[in-house]
Amino acid sequence: MNRETNERKIVLDENLKAISAQTLNCKQLKRNDGLHFDFEMMLKTPLAVYYQLPNEEREKLPESAWKFLFYSISWIFVACIILFNNDCRYFHKPSLIWKDYSMSNEIPNDVYTIFVVQLSFYIHSVYATIYVDAWRKDSLVLIGHHIITSVMLLFSLSTRCHRAGLGTIFLHDMCDILLEATKTSLYFKKQANKCYPIFEMIANVGFAFIARLYWFPLRVLYNTSVYLNEHNIKVPFTFFINCLLYVLLSMNIYWFAFILNLLYKVIGGQIVEDVRDFDDAEHREESVSK
């Protein structure tokens, strides 16, 4: 009995030391960026230490968990508008996007709120990708994605194309929820140097990427390009917005290649890791170059 008590005290002391070290490290780095920082501290210290996650997973966990939380809340908000509002069923009938279109149309308050929150998130994400999150093989592409998304959000509001923007947010956040949940579950794959295969099984659920490669071109790109030309609807900056949308589609294909690579490793029985991460040698070279 005394032995078990002593072992628990030792584990508790180690956890407290780890928490103190993590807190001191973050203060020294001055990485306080508001809610993101608080959320990171909440996960990286008590939760990650409690489950005795390896240091590498402990560093990556807050990033994916934070994005999972944001995308979940955002998607639920958007879904309530375009799925359950009879006047805004843009997913079931995409042609409603351009019904009574005019540059003088007012933007509903709930839609405006979504766009402002999304814009704030992606502007912050540019900073977070550079200075806060772990640097990966696709980090430069990710920065470009955040910048392009921010520009599209601004132009969607200014040209009153917010209905098409809602569809884009709905389809992409749907996938982001699954992807971030997958990555988060992968980080719990090893606890106290023990493997828990159940988390690999949960991770496999995250490979539903059909919304970005099928529904997005069919329900958004078609209506912002072909449908507009067929019905002779005049929308400012149509060519520019469509170019950005097609760049976004190309990024979706790029990231889908990473998912296929990961799926191949799962089927082959290999150790599942985030294929976007650098190898140790590559990481050292990247650190030197930065």
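Residues numbered from 1 in each chain as written. Predicted model: local features only at pLDDT ≥ 70, side-chain atom pairs only at ≥ 80, totals over all residues. Heavy atoms only, no water.

## Digging into the overall build of the protein chain
(1) Moving on: The helix and strand tally for the protein chain stands at 11 helices and 2 strands.
(2) Moving on: Along the chain direction, N to C, the helices and strands of the protein chain fall in the order α-α-α-α-α-α-β-β-α-α-α-α-α.
(3) Moving on: Burial statistics for the protein chain: of 290 residues in total, 47% are counted as buried.
(4) Moving on: Contacts spanning at least 24 positions in sequence make up 76% of the contacts within the protein chain whose residues lie at least 6 apart.
(5) Moving on: As presented, the protein chain carries roughly 16100 Å² of accessible surface, and 62% of it is formed by carbon and sulfur atoms. (Helix = DSSP H or I, 4+ residues; strand = E, 2+ residues; numbered from the N terminus. Buried < 20%, exposed > 50% of the residue type's maximum accessible area, 1.4 Å probe, protein only. Contact = heavy atoms within 4.5 Å. Areas by Shrake-Rupley, 256 points an atom, 1.4 Å probe, with all protein chains shown as cover.)

## Considering the pattern of salt bridges
(1) Moving on: The final tally for this structure, using the stated rule, is 1 salt bridge.
(2) Moving on: The closest approach of N and O atoms between R212 and D176, which form a salt bridge, is 2.4 Å. One end of the pair, R212, is in helix α8 (residues 210-224); the other, D176, is in helix α6 (residues 162-187), with 36 residues separating them in the sequence.
(3) Moving on: Its relative accessible area of 9% is what places D176 among the buried residues. (Salt bridge = Lys/Arg side-chain N within 4 Å of Asp/Glu carboxyl O.)

## Side note on the packing of aromatic side chains
(1) Moving on: Counted by the stated rule, this structure contains 12 aromatic pairs.
(2) Moving on: Ring geometry for Y71 against F121: centres 5.5 Å apart, planes inclined by 75 degrees, an arrangement best described as edge-to-face. Separated by 50 residues along the polypeptide, Y71 in helix α3 (residues 55-82) and F121 in helix α4 (residues 109-131) bring together distant segments of the chain.
(3) Moving on: Judged by its relative accessible area of 5%, Y71 is buried.
(4) Moving on: Both rings, one in W98 and one in Y101, keep their centres 5.6 Å apart while their planes meet at 80 degrees; by these two values the pair is edge-to-face.
(5) Moving on: Among the aromatic residues, those joined into a cluster by ring pairs are F70, Y71, F121 and Y122.
(6) Moving on: Seen from the ring of F91, R219 lies directly overhead, with NZ or CZ sitting 4.6 Å from the centre. (Phe/Tyr/Trp six-rings, centres within 6.5 Å; stacked < 30°, edge-to-face > 60°. Lys NZ or Arg CZ within 6 Å of the ring centre and 35° of its normal.)

## Overview of the UniProt feature "transmembrane region" (unreviewed entry) in the protein chain
(1) Moving on: UniProt marks residues 68-86, 107-127, 139-157, 198-217 and 237-264 with the feature "transmembrane region" (unreviewed entry), using the numbering shown here.
(2) Moving on: Helix makes up 79% of residues 68-86 and strand 0%, whereas the separation of the span's terminal C-alpha atoms amounts to 28 Å.
(3) Moving on: In residues 107-127, helix accounts for 90% and strand for 0%; the two terminal C-alpha atoms are 29 Å from one another. (UniProt positions renumbered as here; feature names shortened; annotations may be inferred.)

## Quick look at helix α5 (residues 139-158)
(1) Moving on: The first and last C-alpha atoms of α5 sit 29 Å apart over 20 residues, in line with the 28 Å expected at 1.5 Å per residue.
(2) Moving on: Restricting attention to buried positions, one finds in α5 the residues S139, L142, I143, H145, H146, I148, T149, S150, M152, L153, S156 and L157. (Expected span 1.5 Å × (residues − 1).)

## Points about a nonpolar patch on the surface
(1) Moving on: A grouping of Y127, I130 and Y131 is seen on the molecular surface, where their side chains present a nonpolar patch of about 300 Å² in accessible area.
(2) Moving on: Assignment of secondary structure puts I130 in helix α4.
(3) Moving on: Note on I130: relative accessible area 35%, which makes it partly exposed. (Patch = residues over 30% accessible without salt bridge, like charges linked within 9 Å, V, L, I, M, F, W, Y side chains within 5 Å.)

## A short note on the nonpolar core
(1) Moving on: Membership of the largest hydrophobic core comes to 51 residues, with the highest contact counts inside it found for I82, W98, L166, F170, L171 and F216.
(2) Moving on: Of all the secondary structure elements, the ones that give two or more residues to this core are α3, α4, α5, α6, α8, α9 (226-230) and α10 (238-267).
(3) Moving on: Not counting chain neighbours up to four residues away, the residues in contact with L171 comprise F91, A211, W215, F216 and V220. (Core = buried A, V, L, I, M, F, W, Y, C linked by side-chain atoms within 4.5 Å.)

## Structural notes on the side chain of T129
(1) Moving on: Structurally, the position occupied by T129 is in helix α4.
(2) Moving on: Within the structure, T129 has its side chain in polar contact with the backbone oxygen of S125 (distance 2.7 Å).
(3) Moving on: When neighbours within four sequence positions are excluded, T129 is seen to be in contact with W135, S139, L142, I143 and H146. (Polar contact = N/O pair within 3.5 Å; in protein donor to acceptor, adjacent residues only side chain to side chain.)

## Details of unusual backbone geometry
(1) Moving on: You will see that R160, though not glycine, has its phi angle at about 60 degrees, which is positive.
(2) Moving on: A positive phi is found at F237, a non-glycine position, where the angle reads about 60 degrees.
(3) Moving on: Within the fold, F237 resides in the loop between α9 and α10.

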